[in-house]
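# Geometric and topological summary
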Amino acid sequence: MVSFHHERKRKNDRGPAYRPGDPELVADRVRAQRLMREYNQTIVTEDDLRSPILDELIGSKGSGCALRAPIYVDYGYNIHLGENVFFNYGCVLLDICPIRIGDRTAIGPMCQILTADHPRRQEDRAAMVEFGKPITIGADVWMGGGALILPGVTIGDGAIIGAGAVVNRDVEAGTTVVGTPARPI
C-alpha cells in the first residue's frame, strides 16, 4: 500500500491505492468542507468574498470562472479550471485525482465529475482500499444537467454531453454523446 498525497506532493496522475481513512486525507477533507461551507453561504454578487475562498479551495482557476453555490468537492486542490469556466448549481467533483477543465466549458446543474473509484474484487473492497483515475475535460465543452463523468474519462474540445448522460469512456472532440452509457449521436 502506498501512501497517498495530493497532487502538490506527487508527480504521477494515476491515483495509487489508498485508504480514505488516512489521517492526512481526513484532515484535507475537513479543510475542504470548511471552505465549501463558507463558499456555499455566499451569493453571486459577493465576489469579494467568493474569490478568495475559491483560491484557497481549488488548485487553480483562470479568470472569469463562475461557480454557482452550492458546489461539493472531496479535496478541492486537485481541481484545475481554465478561463471562463461555468458551473451551475449543485455540482459534485470528487477529486482524489486531478480534474482538469478547459477554457469556456459550461457545466450544467447537478453534474458529477468523479475521479474516485473502488476495487471490483470483494476482498479488496473489504480491505477498505480505494483508487482513482484523473478526468480531463477540454475547452468549449457543454455538459447538460445531471451528467455523470466517471473515473479516467477524457472529453475532447467542443464536445457536448447530453443531460443525464453517464460517460464511462473517452469522448472525441466535437462529438455529442447522450444516454446511459453515453453513446455518440
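So, here is what we can say about the structure in this document. (Residues numbered from 1 in each chain as written. Predicted model: local features only at pLDDT ≥ 70, side-chain atom pairs only at ≥ 80, totals over all residues. Heavy atoms only, no water.)

## Notes on the nonpolar core
Phe87, Ile113, Met143 and Ile161 are the most contacted members of the largest nonpolar core, which has 38 residues in total. Looking at this core, the elements that each hand over two or more residues are helix H1 (23-40), helix H2 (47-57), strand E4 (71-73), strand E5 (79-81), strand E7 (91-94), strand E8 (99-101) and strand E13 (135-137). For this core, the element with the most residues is H1, which contributes four residues. Apart from residues lying up to four places away in sequence, Ile161 is in contact with Trp142, Met143, Gly144, Ala147, Ile149, Ile155, Val167, Val171 and Val177. Grouped together as the second largest cluster of nonpolar side chains are seven residues, Leu25, Tyr75, Tyr77 and Ile96 included. (Core = buried A, V, L, I, M, F, W, Y, C linked by side-chain atoms within 4.5 Å. Buried < 20%, exposed > 50% of the residue type's maximum accessible area, 1.4 Å probe, protein only. Helix = DSSP H or I, 4+ residues; strand = E, 2+ residues; numbered from the N terminus. Contact = heavy atoms within 4.5 Å.)

## Considerations on H2
Within H2, the full set of buried residues consists of Arg50, Ile53, Leu54 and Leu57. On an axial view of H2, the arc spanned by its buried residues comes to 100°, and they lie on one face. Looking at the buried positions of H2, the neighbouring elements they touch are H1, strand E2 (60-61), strand E3 (66-67) and E4. (Arc of directions from axis to C-beta.)

## Focus on the environment of Met36
Position of Met36 relative to the elements: it lies in helix H1. In this structure, the C-alpha to C-alpha distance between Met36 and Asp74, residues 38 residues apart in sequence, is 9.8 Å. Sequence-distant contacts of Met36, defined by excluding residues within four places in its chain, comprise Leu57, Ile71, Tyr72 and Val73.

## Details of the state of the cysteines
One pass over the structure, following the stated rule, counts zero disulfides. Unpaired in terms of disulfides, Cys65 finds its nearest cysteine sulfur in Cys91, a separation of 13 Å. Free of any disulfide, Cys111 has its nearest cysteine sulfur in Cys91, 5.1 Å distant. For Cys111, a relative accessible area of 1% gives the class buried. (Disulfide = S-S within 2.5 Å.)

## Some details on the pairing of E7
Within a regular beta strand, the side chains point alternately toward one face of the sheet and then the other, so they alternate between its two faces. Covered by surrounding structure in E7 are Cys91 and Leu93 only, the residues Val92 and Leu94 on the alternate face being uncovered. As paired elements, E4 and E7 share three bridges and run parallel to each other. If you follow Ile71 over to E7, its bridge partner there is Cys91. Across three bridges, E7 lies against strand E10 (residues 112-114) in parallel orientation. Paired with Leu93 across the bridge in E10 is Ile113. (Pairing = 2+ DSSP bridges.)

## Focus: unusual backbone geometry
Looking along the chain, the bond that leaves Ala69 and enters Pro70 is cis, with omega of 5°. By the secondary structure assignment, Pro70 is in the loop between E3 and E4. Thr180 connects to Pro181 through a cis peptide bond whose omega is -10°. In this fold, Pro181 is placed in the loop between strand E19 (176-178) and strand E20 (183-184). Phi at Asn84 is positive, roughly 55°, even though this residue is not glycine. Mapped onto the secondary structure, Asn84 falls in the loop between E5 and strand E6 (86-87). The exposure class assigned to Asn84 is partly exposed, which follows from its relative accessible area of 43%.

## A word on the environment of Lys133
Note on placement: Lys133 falls in the loop between strand E12 (130-132) and E13. On a C-alpha basis, the gap between Lys133 and Leu150 in space is 8.8 Å, while along the polypeptide they are 17 residues apart.

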